[in-house]
Amino acid sequence: MRAERKQTEAENVEKEITKTEKSKNKDKNKKSFAKEFLKEIVIAAAIAGAILFFVGPTAVREHSMQPTVNDGDVLLLSKALYNDPQVGDIIVFKSELEDDNGKPMNLIKRVIGTGGDIITISNGKLYRNGQEIKEDYIYGECTGEVYNFEVPEGKLYVLGDHREVSRDSRELGAIDEKTVIGKAVLRIWPLSDFGRLN
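All values derive from a computational prediction rather than experimental measurement. (Residues numbered from 1 in each chain as written. Predicted model: local features only at pLDDT ≥ 70, side-chain atom pairs only at ≥ 80, totals over all residues. Heavy atoms only, no water.)

## What to know about a nonpolar patch on the surface
Note the threshold: Here a patch means residues that are over 30% exposed by relative accessible area and free of salt bridges, tied together within 9 Å if like-charged and within 5 Å if nonpolar (Val, Leu, Ile, Met, Phe, Trp, Tyr). The method behind every accessible area is Shrake-Rupley, applied with a 1.4 Å probe, and residues are considered shielded solely by the protein chains displayed. Put simply, a salt bridge is a Lys or Arg side-chain nitrogen that is within 4 Å of an Asp or Glu carboxyl oxygen. Only DSSP runs of H or I covering at least 4 residues are called helices, and only runs of E covering at least 2 are called strands; the numbering of each starts at the N terminus. A simple rule labels every residue: compare its accessible area, found with a 1.4 Å probe on the protein chains alone, to the largest value its type can have, and call it buried under 20%, exposed over 50%, or partly exposed in between.
Together, W189, L191 and F194 line one region of the surface with nonpolar side chains, adding up to about 370 Å² of accessible area. Within the fold, W189 resides in strand β11 (residues 180–189). The class of W189 is partly exposed, set by a relative accessible area of 46%.

Pasting the structure below:
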């Protein structure tokens, strides 16, 4: 009888030890899972941050670049690696204009001239350095009159493709290259118009 009792007690102790070990293993597994999950989140956040440092999405909230870019389009910008704006680039920059909340507005425009270029707009035509520029991308006519405006070094002369409604260098003057956020390279929304921007 004593032997049976001892055996039962030993079995109970063994069961308790097994339960404790299982519980410890479960806790270890939970901690290990939580650690791995947290590690994966940190890695994903770092990758996303790195990607957004080089490229980033922007939503268009204006009509001044129609028909090239429309209100509601979502574009992908080249940011960190974009440091040499060229004529024809479509850029997003921080302007001196303010939104309804008093914050600087980001505008999207096309680069028409860079430092040293002479810009003239006359009789609905655009001239850069004395050469008429054929603009098959604009909506309507090139409005306004500008005579022999020399773009200062480190500045850009920008215009919207929908010249009749665009607030651009004709009103704001040449913009500082340092205000450029990035170059619009890809339309990602709407999907029906997905593709590179020219």
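## Comments concerning the pairing of strand β9 (residues 155–159)
Sheet faces and side chains relate simply in a regular strand, where the side chains alternate between the two faces. To keep things clear, this is the line we draw: Here, strands pair whenever DSSP counts at least two bridges between them.
Most of β9 is tucked away: 4 of the 5 residues are buried. Here strand β4 (residues 104–114) runs beside β9; their pairing, made up of 4 bridges, is antiparallel. Paired with T114 across the strands is L156, a residue of β9.

## Side note on the pattern of salt bridges
In the structure shown here, the tally under the stated rule is 8 salt bridges. R163 is the salt-bridge partner of E135, the closest N and O atoms lying 2.7 Å from each other. Residue E135 is located in the loop between β7 (131–132) and β8 (146–150), and its partner R163 is located in the loop between β9 and α2 (169–172); the two are separated by 28 residues in the primary sequence. Under the relative-accessibility criterion, E135 is labelled buried at 13%.

## So, unusual backbone geometry
Of note, the bond from Q66 into P67 is cis; its omega dihedral lies within 30 degrees of zero at 5°. P190 follows W189 through a cis peptide bond whose omega is 0°. Looking at the secondary structure, you find P190 in the loop between β11 and β12 (195–196). Despite not being glycine, N123 has its phi angle at roughly 50°, a positive value. Mapped onto the elements, N123 comes out in the loop between β5 (118–122) and β6 (125–128). Even without a glycine there, the phi angle at N148 is positive, about 50°. In this fold, N148 is placed in strand β8. Residue class for N148 comes out exposed when judged on its relative accessible area of 59%.

## Some thoughts on the sheet that holds β6
Pairing in this open sheet of 4 strands is antiparallel, and the strands run β7-β6-β5-β8 from one edge to the other. Two strands lie at the open edges of the sheet, namely β7 and β8, each paired on one side alone.

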